[in-house]
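Commentary on secondary and tertiary structure
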Amino acid sequence: MSCGYNWRRAAADLVRYPVSNFMSVTQSMRNEVDALRNQINFHNYLYYVLDAPEVTDAEYDRLLRRLETLERQYPELITADSPTQRVGAAPVAEFAKVKHEIPMLSLGNAFSAEEVTQFDQRLCARLEVECIEYTVEPKLDGLAVSLLYEHGHLQRAATRGDGATGENITQNIRTLATVPLVLRGDDIPTRLEVRGEVIMTKSGFERLNREQAARGEKTFANPRNAAAGSLRQLDPRITAQRPLEIYCYGVGVIEGVPPSARHRELLQRLQSWGLRVYAGIEVARNIDDCLRTYAAMAQRRDQLPFDIDGMVYKVNDLRLQQELGFVSRAPRWAIAHKFPAQEEMTQLLAIDVQVGRTGAITPVARLQPVSVGGVIVTNATLHNQDEIERKDVRVGDTVIVRRAGDVIPEVVSVVLSRRPAHTQAFVMPCKCPVCGSDVERPDGEVVARCTGGLYCSAQRKEAIRHFAMRTAMDIEGLGDKLIEQLVDADMIKDVADIYRLQAASLAALDRMGDKSAANLVQALARSKETTLARFIFALGIRDVGEATAQSLANHVGDLDAIMAADGERLQQVPDIGPVVADSIQSFFRQSHNREVIERLLAAGVHWPAPMVTPASAQPLAGKTVVLTGTLTTMTRDAAKARLQALGAKVSASVSKKTHMVIAGAEAGSKLDKAQELGVRVLDEAAFLALLDEYAAQDAG
Ligand code: IVH
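Computed from a predicted model, the values in this text were never measured in an experiment.

Some words on the pairing of strand 3 (residues 134-140)
- Strand 3 sits mainly inside the fold: 7 of its 7 residues count as buried.
- Pairing geometry for strand 3 and strand 9 (residues 282-284), over 3 bridges, is antiparallel. For tyrosine 134, the partnering residue across the bridge sits in strand 9 and is alanine 284.
- Strand direction decides the pairing type here: strand 3 and strand 10 (residues 308-315), joined by 7 bridges, are antiparallel. The partner of lysine 139 across the bridge, within strand 10, is glycine 310.

So, in structure tokens, the structure goes:
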């Protein structure tokens, strides 16, 4: 096709399309607009549905801007389903009612493996079969919606409502980038009513709450409430600013295409039409496979980008689904296997404050004990003064407590309707409750700190506890209770004093005997042989975690050099920016810290001679490595630091130049790309083995 201007065609167009503007709309402009829309829709599909973008954001923006420019110049070219027309509808006074053609049902629940097995046995008996194949999907914790497409165009979107009648939220749903306004492909249904869940990701939720708080507006208790509140806005311009996404999981009406045989197949077709379906849906051969997938997901659910409250098992064979039918308001062919709840309600008995290693003062809620997700919770963090004010938490309140995985339980919100009379707002103490020193909160910081430093016994205890940790100096037997006693009895003041402890005086302490005293003395002696990285980490410098300590050791190599390094030198170390560099410098500037280090070295703490590997001899020097998916044994930052310490450059995107890709769970398009390009891929186990191998080479 020639790119030159076709005068003959333009002249013909002028006749065919009456001139409504100063400038005339020619067929080639229409073609360009069509082509732009197709390209934009295609890239949306690659990005949102297949999670495999092909163009950069800049290139995508260029296409969108070009389309906007043309539509601004020639408004008659604008169509309702142009990708530029997602936002812009006027606010409504109220939502119109929508009667669902096919009711939107709910799901039966199971709370244990037995209930799930009974469900399967019931179905097997009814169908007279030995075992049933199921799909296993996450039960997304958001809001059910129905999207109606006619001849591929989004006509209407509705909430579930009471299942029979919902509300028309078309204007709001149109603002979700993950909802196509037009379906793709030639084999699309003439009518399709697709169902899915609108959710907010955890990160989107946190960002939204931060923004709301900064504007002094109401914050949301959890992503589900935030999604619900955002979808029920009367002004679609507000919804458009909220980080909402959709995942489709089923259909109501479907006309004009041959029927699918299996549910999984149907989901695949939805995806091929441009609708977003969760990528990790599995087919289980039988119910035991379902339970295995459930158990694996229960371990990983905290790492998913969104909240799920269980897994849904659906009979895969659609003919069998039909045969099974429905009971009251739920299908017989599906069940939701719930995870233990992560949120519970309880009473707030008191608010105490705790003093951390760096003096940070954290308010802690003392709670009426409550079982959350199978664990009894008695304390929960309230983070800081601002958070308490924002949530308006008061002693005596009924609160919602949330516990997710291994993280510290937190108070999410207050049930205001249950607030007793005469409660009082919490005030942060102005003196440290442990040592009486002033509490200060520097301007612009959220954390209040005790100014007592090592004078404060709470800070000293925390510093010693940190020093003795398994990943620091690894002093077996020096536990919390013992540290309490040693500090309270003035037997130790700082970490260097630990090495002066004698078996005889230890044996005299509570719950210690000759044997445990002797064991501890031995453990102390053993701990003196360490590594530079462990030693630096053990010092408890603010912002210096294990990975940063390792990086310092690898790149600077020598304690004296680290202590003497200026900001510029420190920032050359991977993983270290200006804030961390500042913390390191101010730690070593304090004379009492230098003195403690001297005493530790004098007590015999030592490590192998410095071994700063010259860049060229580092095993991954000059190699580019990409991390993707979620690792279970370390954070992505920690993995990055370990790789950088081996000389690798850690990059965000996979190309032919990538040396290898480390793929954790849920790895998406980067993994596909690596496989496509034949780049070496390591899973988490192989990555850990590699790190061990390099560590062994280093030691040898
Ligand atoms: S299927 C007739 N699949 O759970 C089958 N529902 O308790 C109805 N949900 O209203 C739904 N994830 O909001 C199905 N993968 C999934 C789901 C899911 C979340 C929600 C949906 C529904 C509720 C039923």
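Quick word on helix 22 (residues 591-602)
- A rise of 1.5 Å per residue sets the reference length of helix 22, with its 12 residues, at 16 Å; its end C-alpha atoms lie 16 Å apart and thus fit the reference within 8%.
- Taken as a whole, helix 22 has its buried residues at Asn593, Val596, Ile597 and Leu600. End-on, the buried residues of helix 22 take up no more than an arc of 100 degrees, which puts them together on one face. Those residues of helix 22 that are exposed and angled more than 90 degrees off the buried face are Ser591, Glu598 and Ala602.
- On the buried face of helix 22, the contacting elements are helix 13 (457-468), helix 17 (532-538), helix 19 (559-564) and helix 21 (578-589).
- The positive-phi residue at the C-terminal boundary of helix 22 is glycine 604, with phi of around 110 degrees.

Section: the state of the cysteines
- Enumeration according to the criterion identifies 0 disulfides in this entry.
- Unpaired in this structure, cysteine 432 has its nearest cysteine sulfur neighbour in cysteine 450, at a distance of 3.7 Å.

Digging into the nonpolar core
- Of all hydrophobic cores here, the largest spans 65 residues; its most connected members are Tyr134, Leu147, Tyr149, Ile173, Leu270 and Tyr313.
- Once residues within four sequence positions are removed from consideration, tyrosine 313 is found in contact with Val116, Tyr134, Thr135, Val136, Ile287, Cys290, Leu291, Tyr294, Trp333, Ala334, Ile335 and His337.
- Formed by 55 residues, the second largest nonpolar core is a distinct cluster that contains Ala468, Tyr499, Leu524 and Ile541.

Details of the site of the ligand
- Around the ligand, 14 residues are found, and the nearest of them are Glu137, Leu140, Glu197, Tyr249 and Lys314.
- Take proline 138: an N or O atom from its main chain is 3.3 Å from a nitrogen atom of the ligand.
- Between the ligand and tyrosine 249, the relevant distance is 3.4 Å, taken from an oxygen atom to a side-chain nitrogen or oxygen of the residue.
- Within the complex, the protein chains bury 87% of what would otherwise be the 520 Å² of accessible surface of the ligand.
- When residues of the shell around the ligand are traced back to their parent elements, those giving at least two are strand 3 and strand 10.
- Here the shell around the ligand takes 4 residues from strand 3, the largest share from any one element.
- When its residues are assigned to classes, the shell around the ligand shows 8 nonpolar, 1 polar and 5 charged.

What counts and what doesn't
Residues numbered from 1 in each chain as written. Predicted model: local features only at pLDDT ≥ 70, side-chain atom pairs only at ≥ 80, totals over all residues. Heavy atoms only, no water. Buried < 20%, exposed > 50% of the residue type's maximum accessible area, 1.4 Å probe, protein only. Helix = DSSP H or I, 4+ residues; strand = E, 2+ residues; numbered from the N terminus. Pairing = 2+ DSSP bridges. Expected span 1.5 Å × (residues − 1). Arc of directions from axis to C-beta. Contact = heavy atoms within 4.5 Å. Disulfide = S-S within 2.5 Å. Core = buried A, V, L, I, M, F, W, Y, C linked by side-chain atoms within 4.5 Å. Near = heavy atom within 4 Å. Polar contact = N/O pair within 3.5 Å; in protein donor to acceptor, adjacent residues only side chain to side chain. Areas by Shrake-Rupley, 256 points an atom, 1.4 Å probe, with all protein chains shown as cover. Nonpolar A, V, L, I, M, F, W, Y, C, P; charged D, E, K, R; others polar.

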